[in-house]
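Fold and contact review
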Amino acid sequence: MDITNDQSCSWINDLSPRLNINSLNGNQHCDWLIIGAGYTGLSAARKLAELHPNQKIILVDSQLAGEGASGRNSGYLVDTTLNDGFSSNKNLNNYKKKSDIYQLGIKSVKNFIEKYQVDCDWNEAGKYFASSKTTDKKTLNNFADTLSKLDFEFKILNQYELKKKLGTNFYQIALYTSGGILLHPGKLVRAMIEVLPPNIKLYENSKLLKSVKNKDSISCNFKNGKINSKKIIFCTNAFLRSLNIKKNYNFPITLTASMTRQLTEKEFNSIGSPKEWGVLPVRHLGATVRMTKDRRILIRNTAEVYSPFGMRVSDLKKRVGKHQLGIKKRFPQLPDHLIDSSWSGVVSRTRNGSQIFEKIDSNIFVAGCYNGSGIGVGTLFGEQIAIKASNENTTEIQVIETRNKPTFLPPQPFLDIGVRTRLIYERLRAISEI
Ligand SMILES: Cc1cc2nc3c(=O)[nH]c(=O)nc-3n(C[C@H](O)[C@H](O)[C@H](O)COP(=O)(O)OP(=O)(O)OC[C@H]3O[C@@H](n4cnc5c(N)ncnc54)[C@H](O)[C@@H]3O)c2cc1C
């Protein structure tokens, strides 16, 4: 099945159309083959090109590079997460390992944008973990306790303070952490495509159908050609499972989001002209909401089991109603039909929230499954898996490798039943927060 993304993601539509798009046609040989051109694959390719300037490197994607989750996420480059969805990190040591990886992820993205002078609307605005229920105070206090032990800066805010910062009365309580960054995900991934050096050949709209390991190489079949490579790195994130890679450790979840048009001066004034901000929910399936630098409101308030290959337009339209409702609840004074674009995207999850970073066979490597925190961790893991595959070591690899490894998933149909049941439960818990 081909990936058929909607063409209606604001982040991607903000960018100018790309020229020189090549697809694979015929047979090729290379030293390195990378499958998947999101943050992970692009970062792996960039690092390999630096390490092996005279070797032949091929990067392929089944759709346009960067137009999967990497170009359609919510743009939070996180330093902390409240927990990781399905398994909260109550254990301080585990939480520390996870946040050490987030810090390295921020450093990788920062180094990238500084080195290539990238404008991706980088704003060290921090982020709010907010709730409309004062009963969530207990969760936030527990979180505050964890953050204090690890020396993170944070602040707890009440409804009055939040109204002044965010321009809405909706939230009763929030915990603000100052370390997170808000950015334009499309601009970031586009920059990663633009800086690819000449020793990388990028083929797009070229789906890997099958790969077979031979003695000294891996042969890969695509729709219109074959590639024989000495080494391969899989960076297909939510599509790892569909390629039978680490199949018992990861599964895809589909999210949908909408973005409004720019608010007019009058509309913006009516909500108190707030500075750019980002809110993450305290209850897992609550809404992620952002006020962008250019006065647009982004909302993401669905997560579900759906085919990762694309959402039907009619189904996407149904989810937009939820986005509209979420905006109305927060900003009742704004007009009804502000939404300019809506899209779906896929994240990859593991049972215990840990990422995949490993050699799965001789000359075959894989990095992915960031459980919704892939901007920084994807960039970091892409660079570091390239280094690991080149038989080198770094302090970053050592930090990554001390994390807990992903745990085994139950077989089908129990996995689907379990995930769906959990999502129903989380959805009911977060009904006030959409
Ligand atoms: C709506 C939404 C909101 C999110 N919000 C955030 C956020 O605020 N902060 C954050 O850090 N993360 C967020 N994420 C997650 C983040 O976007 C991902 O973790 C990150 O993009 C993963 O990057 P990647 O390069 O590993 O994967 P992707 O960007 O998914 O790239 C994988 C690529 O592999 C390609 N591919 C798949 N199968 C094949 C095949 N057979 N042959 C060739 N190519 C193939 C795909 O076409 C795709 O381009 C969000 C995701 C979504 C969908």
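Small disclaimer: the values here were computed from a predicted structure and weren't measured.

Thresholds, definitions, all that
- Residues numbered from 1 in each chain as written.
- Predicted model: local features only at pLDDT ≥ 70, side-chain atom pairs only at ≥ 80, totals over all residues.
- Helix = DSSP H or I, 4+ residues; strand = E, 2+ residues; numbered from the N terminus.
- Contact = placed C-beta atoms within 7 Å.
- Near = placed C-beta within 6 Å.
- Nonpolar A, V, L, I, M, F, W, Y, C, P; charged D, E, K, R; others polar.
- Domains from an automatic or database assignment.
- Pairing = 2+ DSSP bridges.
- Axes fitted to C-alpha atoms, helices over the stretch in contact; angles between N-to-C directions.
- Core = buried A, V, L, I, M, F, W, Y, C linked by C-beta atoms within 7 Å.
- Buried ≥ 20, exposed ≤ 12 C-beta atoms within 10 Å, placed from the backbone.

1. Remarks on the environment of F365
Position of F365 relative to the elements: it lies in strand β18 (residues 364-368). On a C-alpha basis, the gap between F365 and I34 in space is 9.5 Å, while along the polypeptide they are 331 residues apart. Non-local contacts of F365, meaning those with residues more than four positions away in its chain, are made with I233, K359, I385, K388 and A389.

2. Here's the deal with the site of the ligand
By nearness alone, 42 residues border the ligand, and G36, G38, N73, G345 and G374 come closest of all. Elements with a contribution of two residues or more to the shell around the ligand: α2 (39-51), β12 (251-260), β16 (339-349) and α9 (374-389). Counted by class, the shell around the ligand contains 19 nonpolar, 19 polar and four charged residues. When we break the shell around the ligand down by domain, the ones giving at least three residues each are domain 1 (10-71 + 187-249 + 354-410) and domain 2 (84-184 + 252-351 + 419-433).

3. Overview of the domain arrangement of the protein chain
For the protein chain, the assigned domains are domain 1 (10-71 + 187-249 + 354-410) and domain 2 (84-184 + 252-351 + 419-433). Between the C-alpha centres of domain 1 and domain 2 there is a distance of 27 Å. Taken together, the contacts link 37 residues of domain 1 with 33 residues of domain 2. Sorting the residues of the side of domain 1 that touches domain 2 by element identifies α1 (10-13), α6 (185-194), α9 and α10 (395-401) as the ones contributing at least two each. Ranked by the residues each element gives to the side of domain 1 that touches domain 2, the list is headed by α9, at six residues.

4. Examining the sheet that holds strand β6 (residues 173-177)
Reading across from one edge, β5-β6-β4-β13-β14-β15-β12-β16 is the order of the eight strands in this open sheet, with mixed pairing throughout. Each having just a single partner strand, β5 (154-158) and β16 make up the two edges of the open sheet. Recorded for the sheet is a direction-independent mean angle of 20° between the axes of neighbouring strands. Pairing of β12 with β16, which is carried by ten bridges, proceeds in the antiparallel orientation. Of the residues in β16, the one forming a bridge with F251 is R349.

5. Focus on unusual backbone geometry
For the peptide bond that leads from Q412 to P413, omega is 0°, which places it in the cis range. Within the fold, P413 resides in the loop between α10 and α11 (414-429). Look at D121: it is not a glycine, yet its phi comes out positive at around 55°. Here D121 is to be found in the loop between α3 (92-115) and β4 (127-131).

6. With respect to the nonpolar core
Counting residues in each nonpolar core, the largest one holds 109 residues, and the members touching the most others are L33, I34, F129, A174, I233 and I385. Per element, the largest residue contribution to this core is seven residues, and it comes from α9. Looking at which domains feed residues into this core, each of domain 1 (10-71 + 187-249 + 354-410) and domain 2 (84-184 + 252-351 + 419-433) supplies at least three. With residues near it in sequence (within four places) discarded, I385 still touches A44, I233, F357, F365 and A367.

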